[in-house]
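# Reading the structure
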Amino acid sequence: VKPRKVFILLTSLFYERNEGISLNQELNLYNSIINNFNFSEIDMVCIKMHPKSSSEKKNALTALARNYTAFLLETESMVESFVMTSTSQVTLVSPPCTALVNLMSHPTVKIYCIDHSVLTHFLGLSYDNQQHSQKDTAEIHSLFHFLNIPQLSSVIDLSLHSLS
């Protein structure tokens, strides 16, 4: 039986690409997202790891998935199998760049973008310092608004959304 409603959290390489961001900070971000999303009527929860994730992160994501009885997806083809199934309604939650890429790849999927303020809250100043100017951030917000991609500007926002 194929799941009707699927939630997929797409991970990134924050820990691997920035010395100032700990693995624990990144995992706290993902844990908060999963912990606060409204999973009423969800048939399947998945965590999609980035293909270049470190082995340390892969092990930690495996444990995180186990805590939530979630499936750990290691390849894009696993995501594709849900997206291409007309019987599945798929929701993706991801960082900004990944949200844009997935919107282009999967136009029928509901995508939520994790806002800059949430990322900065969990990942700290090391994340904030690598970002562009406030003008660039405002332009990104405008683009997401234009493309109708909801931005999750707090963990509270996560609890307000569901697939129903």
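Report follows, based on the coordinates. Predicted model, so just to flag it, every value in this text is computed and none were measured. (Residues numbered from 1 in each chain as written. Predicted model: local features only at pLDDT ≥ 70, side-chain atom pairs only at ≥ 80, totals over all residues. Heavy atoms only, no water.)

### Here we look at the packing of aromatic side chains
Here is the rule: Here a Phe, Tyr or Trp ring, Trp counted by its six-membered ring, pairs with any other such ring whose centre lies within 6.5 Å, and the pair is stacked when the planes are under 30 degrees apart, edge-to-face when over 60, and tilted otherwise. Lysine NZ or arginine CZ positioned within 6 Å of the ring centre and within 35 degrees of the ring normal marks a charge as sitting over the ring.
For the structure on display, the rule yields zero aromatic pairs. Stacked on the ring of Tyr112, the Lys or Arg Lys110 has its end atom at 5.4 Å from the ring centre.

### Remarks on the pattern of salt bridges
Going by this rule: Salt bridges are identified by distance alone: a Lys or Arg side-chain nitrogen within 4 Å of an Asp or Glu carboxyl oxygen. Helix and strand labels come from DSSP, where a helix needs a run of H or I of at least four residues and a strand needs a run of E of at least two; each type is numbered from the N terminus. For every residue, the accessible area (1.4 Å probe, protein chains only) is compared with the maximum for its type, and the residue is labelled buried under 20%, exposed over 50%, or partly exposed between those bounds.
The final tally for this structure, using the stated rule, is two salt bridges. Two residues, Glu16 and Lys57, come together in a salt bridge whose shortest N-O distance is 2.8 Å. Of this pair, Glu16 sits in helix H1 (residues 14-17) while Lys57 sits in helix H3 (residues 55-67); the two residues are 41 residues apart in sequence, bridging distant segments of the chain. Residue classification places Glu16 among the partly exposed positions, given a relative accessible area of 27%. One salt bridge connects Lys57 with Glu26, and the closest N-O pair in it is separated by 2.7 Å. Of this pair, Lys57 sits in helix H3 while Glu26 sits in helix H2 (residues 23-36), and the two are 31 residues apart along the sequence. For the residue pair Lys57 and Glu26, the accessibility class agrees, reading buried in each case. Several salt bridges share partner residues, and in doing so they unite Glu16, Glu26 and Lys57 into one network.

### Topic: the nonpolar core
As a reminder of what qualifies: Each nonpolar core is a collection of buried residues, namely Ala, Val, Leu, Ile, Met, Phe, Trp, Tyr and Cys, held together in the definition by side-chain atoms within 4.5 Å.
Counting 30 residues, the largest nonpolar core has Phe7, Phe14, Leu29, Leu61 and Val93 as its most contacted members. Only strand S1 (5-10), H2, strand S2 (44-48), H3, strand S5 (110-114) and helix H6 (116-123) provide two or more residues apiece to this core. With six residues, the single largest contributor to this core is H2. Residues Leu10, Leu92, Ile111 and Cys113 belong to the second largest nonpolar core, which totals 17 residues.

Scope: geometric values only; no functional claims are made or implied.
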